[in-house]
Amino acid sequence: MSAPLTDLIAIRDLSREQVDGILSDAREMLPIARRERASVPTLRGRIVCNLFLEDSTRTRLSFDLAAKRLSADVVNFTASGTSVNKGESLLDTAQTLMALGVDLVVLRTSSAGAPVQLAREVEIPVLNAGDGWHQHPTQALLDALTMLQHRDTLEGARVTIVGDVLHSRVARSEVELMRLLGAHVTLVAPPTLLPPDVSSWGVTVTSDIDAVLPDTDVLYVLRVQRERMHRAFFPSIREYAQVWGIDAARMRRLPADALLMHPGPVNRGVELTSGAMEDPRSVITEQVTNGIAVRMACLYRLLSAAPRTEVTS
Amino acid sequence: MLHVADGGRSWHGRPMRRLLDADDLARMIRRLAHEVLEGNGGSDGLVLLGVRTRGAPIARRLAAAIASIEGVDVPVGELDVTLYRDDLALRDPMPIGATDVPVDVEGRTVVLVDDVLYTGRTVRAALDATSALGRPDRIRLVCLVDRGHRELPIRADHVGKNIPTSADEQVIVRLTETDGVDEVVIGGER
């Protein structure tokens, strides 16, 4: 087995071998995630804490189910607002969790870098479930699993990512993982929604969506993150939909064996039309099921390498 | 990796001894096939599930032997029991292998097949893994070698060979499919 995982913070921390190991375990977890097979007792007696300092019902549900299919005990710690987001409070919270005997923390936060900070402070594994604009590693892993269910390899695959790259932790994790797996990535975005350092990402950048569609194997549409936009990055939702949105006409430009993906939840009529979502090339619902399996594999890998937490004091 | 074929040594330096060779194993598997058929009153309802890793090729060989005796192909599958183990915290992390069971076990006689029966913990995990697939009418256990030292109240229905061992010895079953050679060796110290 590849080097044990102690935390999962960012895709760039993973070796190719570790990624292959997680994806291989996730494939074996799928019948359990799909409920074709009963839950397994693997993590019985382990406590997983979902520490969600930013709202995310779907991701929390997915982690919750993943832990439960492995028979772990799950405690949910949700706090909205900013008080817990401040560095010091986060560490106080971590100390409390350790004292309570939690074996692993799944952290979702709006502060980029908070998971790294937490991992430095606690001995138990920290799993980053999305931190600000920085990283969302399990999303990229579940996307890779989905792509690999439809093609043998991602070596040389042409992956086109469309949308709000600037505010997207998904895009950052996705680009790193796709490059690790040998895919060519093209980013399509309005210039205002591209990060300033994009030239160092090792990707092709264009603003002509219609030109790249015929040469695309995987069309990955990002969510327009209205809640993250405090300034006007584009004139209006309607204009965004017209210029960057994927509709039935654009789907016709996509090859017959291409895939349409989206991290969810979709803003219908903005980045994707209902027609595009119903296209047979859309694998958006498969992504959701694969998310449970990938998160099961990550929990398994992190906890099978970790010493059991004992409650002291 | 140990290298044993002709008087090799284990990693702690004690010589390994070959107890069974390819011919011994072939005869043993034919006998076990007869025993399984006799115990079941024929091949009706049988499904052989090899416990990964080495139980899987043994199960396939048993199925081939049953086919040559009865002229019937019984379903063969393999079971990975990693997720059902109770010693996750005690051992190095293990990748999860494939579980591939070609038929519904409901109402059938599942024959679990493993290479070495030792503490019984792998078999306990295999029983749970089988139950997760459905409710077979009965579960039987075949193992090539029973080396004793059980930690759980588990016994095999059909045993290739009982080999008394001390706890610090190793018994290694090697198969052409997984190791390039058919033999059972013993020796060394843990």
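Residues numbered from 1 in each chain as written. Chains lettered and ligands numbered in written order. Predicted model: local features only at pLDDT ≥ 70, side-chain atom pairs only at ≥ 80, totals over all residues. Heavy atoms only, no water.

(A) Highlighting the side chain of A:Glu271. All names here are of chain A. With respect to the helices and strands, Glu271 occurs in the loop between strand E9 (259-261) and helix H10 (274-277). No salt bridge is formed by the buried Glu271; its nearest oppositely charged neighbour, Arg223, is found at 5.9 Å. In this structure the side chain of Glu271 is engaged in a polar contact, spanning 3.5 Å, whose partner is the backbone nitrogen of Val224. A polar contact is formed between the side chain of Glu271 and the side chain of His262, at a distance of 2.8 Å. Residues contacting Glu271, with those up to four places away along its chain left out, are Val221, Leu222, Arg223, Val224, Tyr240, Gly245, Ile246, His262, Pro265 and Val266. (Helix = DSSP H or I, 4+ residues; strand = E, 2+ residues; numbered from the N terminus. Buried < 20%, exposed > 50% of the residue type's maximum accessible area, 1.4 Å probe, protein only. Lys, Arg positive; Asp, Glu negative; His and termini not counted. Salt bridge = Lys/Arg side-chain N within 4 Å of Asp/Glu carboxyl O. Polar contact = N/O pair within 3.5 Å; in protein donor to acceptor, adjacent residues only side chain to side chain. Contact = heavy atoms within 4.5 Å.)

(B) Spatial organisation of the confidence of the model for chain B. Within chain B, residue pLDDT values average 91, and 92% of them lie at 70 or more. Throughout residues 1-7 of chain B the model reports pLDDT below 50, and contacts reaching past four residues in sequence, or to other chains, amount to 14 contacts. (pLDDT = per-residue confidence, 0-100.)

(C) Quick peek at the nonpolar core. The biggest cluster of nonpolar side chains holds 89 residues, and the ones touching the most others in it are A:Val106, A:Leu127, A:Leu141, A:Leu187, A:Leu299 and B:Leu83. Here the element with the most residues in this core is helix H11 (residues 284-304) of chain A; it accounts for 10 residues. Once residues lying within four places of it in the same chain are set aside, the contact partners of A:Leu187 are A:Ile161, A:Val165, A:Val175, A:Leu194, A:Val198, A:Trp201, A:Val203, A:Thr204, A:Val205 and A:Thr206. One finds B:Val113, B:Val142, B:Leu144 and B:Val173 within the second-largest nonpolar core, a separate group that totals 29 residues. (Core = buried A, V, L, I, M, F, W, Y, C linked by side-chain atoms within 4.5 Å.)

(D) View of the sheet that holds strand E2 (residues 46-51) of chain B. Residue and element names in this part refer to chain B. If you trace the 5 strands from one edge of the open sheet to the other, you get E3-E2-E4-E5-E6, paired in parallel fashion. At either end of the open sheet lies a strand with only one pairing partner, and these are strand E3 (76-79) and strand E6 (158-162). If you compare each strand with its neighbour and ignore which way they point, the axes differ by 25° on average. As defined by bridge partners, E2 adjoins strand E4 (residues 109-117) across 5 bridges and the pair is classed as parallel. The residue bridging Val47 from the neighbouring strand is Val110, located in E4. Lying on the sheet, helix H1 (residues 22-40) is in contact with E2, E4, strand E5 (138-146) and E6; it crosses E6 at an angle near 150°. Contacting E2, E3, E4 and E5, helix H2 (residues 55-70) runs over the sheet at an angle of about 150° to E2. (Pairing = 2+ DSSP bridges. Axes fitted to C-alpha atoms, helices over the stretch in contact; angles between N-to-C directions.)

(E) Just the pairing of strand E4 (residues 126-131) of chain A, in detail. Residue and element names in this part refer to chain A. Most of E4 sits inside the fold, with 6 of its 6 residues counted as buried. Pairing geometry for strand E3 (residues 104-109) and E4, over 4 bridges, is parallel. Each residue of the ladder has a partner; that of Val106, found in E4, is Leu127. In the classification by handedness, the crossover that spans E3, the intervening helix H4 (residues 114-121) and the parallel E4 is right-handed. (Right-handed = clockwise from strand over helix to strand, strands pointing away.)

(F) Molecular detail of the pairing of strand E6 (residues 184-188) of chain A. All names here are of chain A. Burial of E6 is extensive: 4 of the 5 residues sit out of reach of the surface. As paired strands, strand E5 (residues 158-162) and E6 are joined by 5 bridges and run parallel to one another. The residue of E6 that forms the bridge with Val162 is Val188. This β-α-β element, E5 to helix H6 (residues 169-180) to E6, shows right-handed connectivity. Where E6 lies against strand E7 (residues 204-206), 3 bridges are found, and the strand directions are parallel. Looking across to E7, one finds that Leu187 is bridged to Val205.

(G) Molecular detail of the domain arrangement of chain A. Residues and elements named next belong to chain A. Assigned domains within chain A: domain 1 (11-136 + 289-304) and domain 2 (151-282). For domain 1 and domain 2, the distance between their C-alpha centres works out to 26 Å. Contact residues are listed per partner, giving 18 residues for domain 1 and 14 residues for domain 2. Each partner contributes to the roughly 1,400 Å² buried at the junction of domain 1 and domain 2, and carbon and sulfur atoms together form 57% of this total. The three residues of domain 1 that bury the most area against domain 2 are Ile11, Arg16 and Trp133, which together make up 46% of that side's buried surface. Put simply, Arg12 and Glu176 hold a salt bridge, and the shortest N to O gap is 3.0 Å. Counting residues per element, the ones that place at least two in the side of domain 1 that touches domain 2 are helix H1 (16-33), E3 and E4. Sort the elements by how many residues they give to the side of domain 1 that touches domain 2 and H1 lands first, with 3 residues. For the side of domain 1 that touches domain 2, the residue count by class is 4 nonpolar, 7 polar and 7 charged. (Domains from an automatic or database assignment. Buried area = accessible area lost by both parts, 1.4 Å probe. Nonpolar A, V, L, I, M, F, W, Y, C, P; charged D, E, K, R; others polar.)

(H) Looking closely at the packing of helix H5 (residues 137-148) of chain A against H11(A). All names here are of chain A. Taken N-terminus to C-terminus, the directions of H5 and H11 make an angle of 120°; their axes are 8 Å apart at the nearest point. Read as a crossing pair, H5 and H11 show a hand that is right-handed. Residue-level inspection shows Thr138, Gln139, Leu141, Leu142, Asp143, Leu145 and Thr146 of H5 in contact with H11, the latter providing Glu286, Gln287, Asn290, Gly291, Val294, Arg295 and Cys298. For the contact of H5 with H11, a count of residues per class yields 5 nonpolar, 6 polar and 3 charged. (Left-handed = near helix turned anticlockwise from the far one by under 90°.)

(I) The interface of chain A and chain B, seen in detail. With 20 residues of chain A at the contact, the number on the chain B side is 15 residues. On inspection of chain A and its partner chain B, the count reaches 0 salt bridges. Put simply, chain A and chain B have 3 residue pairs in polar contact (both at pLDDT 80 or more) between them. When residues of the side of chain A that touches chain B are traced back to their parent elements, those giving at least two are H1 and H11 of chain A. A total of 5 residues in the side of chain A that touches chain B trace back to one element, the largest contributor, which is H1(A).

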